Amino acid sequence: MSLPAADVPSDEMRLIVRAKSGDAAALEELGAFCRKLAYVLALQLTGNREDAADLAQDTMLRFFRSLRRFDPRRPVRPWLYRIVRNLARDRLRRARVRRASSLEELTEARGNDLPAAGPGPEATASRWQLQSVVWRAVQELPVHYREVLVLRDYHGLAYAEIARILRLPRGTVMSRLHRGRLMVRQAVHASMQTGLAGEEAADA
Amino acid sequence: MRDRCPMGFDERLITAFLDGELTQADEQKVRLHLERCPHCRALYEDLRRIRNAAMTTGLPVPSDEEWDERPRTGASLTFRLLGWWLAIPWVIFVLGYALWEAWRGSQGAIVRIMTFGGIAAGALLLLSALLDRLRDLKTDRYRRIMK
């Protein structure tokens, strides 16, 4: 899972070195930073806040337990994401029913409440609607498609990084990502058609 | 909506093209194909919109205070809730009863209720906090970060 030292930001490397030596401020900074990352990924994988918070806490326990063995020349994210993903897989396997929240529930905001950015309120509302439909579709994907899509589209990781985190061949990452995106596309189309049919019925 | 490219093109390359993960030669191949194939052009546009929607989705993260207030385990949360559910009606009942007894001039029953009810509610809340502390003690580093 190693990357060349040059790929690791020097700030991150320094922070890890300080944290490993027991520097309380560095530990605190690293903990706060990683906890946020872990929480967001856990939320994207599980779909609900309670599970995500539990997973983030468990991830941080494992993270600090093995920090002493961690090589600071390696990037921290793949290591952290791998812990989150493994814990999320365990939890999802144990759970009989998965409770995925909608984007509205998670952000407690509607398209109309969001600040108007870009072309105008209509575009903002339409973007929000699409984000919401995509989120729901991603939450309904089988987990092996969801984790690839989340790491690529929500976290912007390269295929090689995803392959390292999930321990998959790069080609499998590409296939799963494509298949997952096709499923999301299908769900978006179905949702848009339902929306249009509903609007037409309301107008009639 | 047709599922496959009518020209039999490998559509996975469109996903990789979108993500900038292709070699120059493959990129050129996809570009040329997109110019000639409306099916794949529509697919590319849809995937681009979906990816942009995902990339711009922001999610709220709990504040540091919220993290500190979280019960660490399910058992500690259960005990804490149970403790509060016992404590609140107990306080209401004791206050009501105390008023009633004060009006009547007797104090024996109040002392009994205060002793047993108070001990039960306090013990559950204490147990909840104790479970959290025990869990924190498992790793020194984590405890320093969380506090």
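Residues numbered from 1 in each chain as written. Chains lettered and ligands numbered in written order. Predicted model: local features only at pLDDT ≥ 70, side-chain atom pairs only at ≥ 80, totals over all residues. Heavy atoms only, no water.

Here we look at the overall build of chain A
So, step 1. Scanning chain A for helices and strands turns up nine helices and zero strands.
So, step 2. Considering only contacts in chain A between residues 6 or more positions apart, those separated by 24 or more positions represent 68%.
So, step 3. Summing over all exposed atoms, chain A offers an accessible surface of approximately 10,000 Å²; the carbon and sulfur share of this is 49%. (Helix = DSSP H or I, 4+ residues; strand = E, 2+ residues; numbered from the N terminus. Contact = heavy atoms within 4.5 Å. Areas by Shrake-Rupley, 256 points an atom, 1.4 Å probe, with all protein chains shown as cover.)

Concerning a nonpolar patch on the surface
So, step 1. A contiguous nonpolar patch, built from Trp 84, Ile 88 and Ile 92 of chain B and spanning about 340 Å² of accessible area, is present on the exposed surface.
So, step 2. In this structure, Trp 84 of chain B sits in helix 5 (residues 74-104). (Patch = residues over 30% accessible without salt bridge, like charges linked within 9 Å, V, L, I, M, F, W, Y side chains within 5 Å. Salt bridge = Lys/Arg side-chain N within 4 Å of Asp/Glu carboxyl O.)

Points about the interface of chain B and chain A
So, step 1. Listed by partner, the interface residues are 37 residues for chain B and 50 residues for chain A.
So, step 2. Taking both partners together, chain B and chain A bury about 4,300 Å²; carbon and sulfur atoms supply 61% of that area.
So, step 3. Summed over the shared surface of chain B and chain A, the number is four salt bridges.
So, step 4. As a salt-bridge pair, Arg 170 of chain A and Glu 21 of chain B come within 2.9 Å of each other at their nearest N and O atoms.
So, step 5. Between the two partners, chain B and chain A, sit 11 residue pairs in polar contact (both at pLDDT 80 or more).
So, step 6. Put simply, the parts of the chain that give the side of chain B that touches chain A at least two residues each are helix 1 (12-18), helix 3 (38-55), helix 4 (64-69) and helix 7 (140-146) of chain B.
So, step 7. When residues of the side of chain B that touches chain A are assigned to their parent elements, the largest contribution, 10 residues, is made by helix 3 of chain B.
So, step 8. Partitioning the side of chain B that touches chain A into residue classes produces 19 nonpolar, five polar and 13 charged. (Buried area = accessible area lost by both parts, 1.4 Å probe. Polar contact = N/O pair within 3.5 Å; in protein donor to acceptor, adjacent residues only side chain to side chain. Nonpolar A, V, L, I, M, F, W, Y, C, P; charged D, E, K, R; others polar.)

Focus on the packing of aromatic side chains
Given two aromatic rings, their pairing is described by the distance between the two centres and the angle made by the two planes.
Residues and elements named next belong to chain A.
So, step 1. Within the structure shown, the criterion is met by five aromatic pairs over all chains.
So, step 2. Geometrically, the ring pair formed by Phe 63 and Phe 64 is edge-to-face, given 5.2 Å between the ring centres and 90° between the ring planes. As far as the burial class goes, Phe 63 and Phe 64 line up, both buried.
So, step 3. Relative to Tyr 154, the ring of Trp 135 lies with its centre 6.2 Å away and its plane at 85°, an arrangement referred to as edge-to-face. Remark: Tyr 154 occurs in helix 7 (residues 143-154) and Trp 135 occurs in helix 6 (residues 121-140); sequence separation between them is 19 residues. Neither Trp 135 nor Tyr 154 differs from the other in exposure class; each is buried.
So, step 4. These aromatic residues form a ring-pair network of at least three members: Phe 63, Phe 64, Phe 70 and Trp 79. (Phe/Tyr/Trp six-rings, centres within 6.5 Å; stacked < 30°, edge-to-face > 60°. Buried < 20%, exposed > 50% of the residue type's maximum accessible area, 1.4 Å probe, protein only.)

So, the nonpolar core
So, step 1. Counting 81 residues, the largest nonpolar core has Phe 63, Val 134 and Val 184 of chain A as its most contacted members.
So, step 2. Residue contributions to this core peak at 12 residues, all from helix 2 (residues 24-46) of chain A.
So, step 3. Each of domain 1 (7-98) and domain 2 (100-204) of chain A gives at least three residues to this core.
So, step 4. Those residues in contact with Val 184 of chain A that sit more than four places away from it in its chain are Val 134, Ala 137, Val 138, Leu 141 and Leu 149 of chain A together with Ile 50 of chain B. (Core = buried A, V, L, I, M, F, W, Y, C linked by side-chain atoms within 4.5 Å. Domains from an automatic or database assignment.)

Some points on the side chain of Glu 11 of chain B
So, step 1. Along the chain, Glu 11 of chain B falls in the segment before helix 1.
So, step 2. No salt bridge forms around the buried Glu 11 of chain B; measuring N to O, its nearest opposite-charge neighbour Arg 4 of chain B is 4.9 Å away.
So, step 3. Here Cys 5 of chain B takes part through its backbone nitrogen, which lies 2.8 Å from a polar atom of the side chain of Glu 11 of chain B.
So, step 4. When neighbours within four sequence positions are excluded, Glu 11 of chain B is seen to be in contact with His 178 and Leu 182 of chain A together with Asp 3, Arg 4, Cys 5, His 39 and Leu 43 of chain B. (Lys, Arg positive; Asp, Glu negative; His and termini not counted.)

Points about the packing of helix 7 of chain A against helix 8 (residues 159-166) of chain A
Residues and elements named next belong to chain A.
So, step 1. Contact geometry for helix 7 and helix 8: axes closest at 10 Å, N-to-C directions at 140°. By the angle between their axes, helix 7 is oblique relative to helix 8. Crossing geometry of helix 7 relative to helix 8 is assigned as right-handed. Touching Glu 147, Val 148, Leu 151 and Arg 152 of helix 7 are Tyr 159, Ile 162, Ile 165 and Leu 166, all from helix 8. (Axes fitted to C-alpha atoms, helices over the stretch in contact; angles between N-to-C directions. Parallel < 35°, antiparallel > 145°, perpendicular 65-115°, else oblique. Left-handed = near helix turned anticlockwise from the far one by under 90°.)

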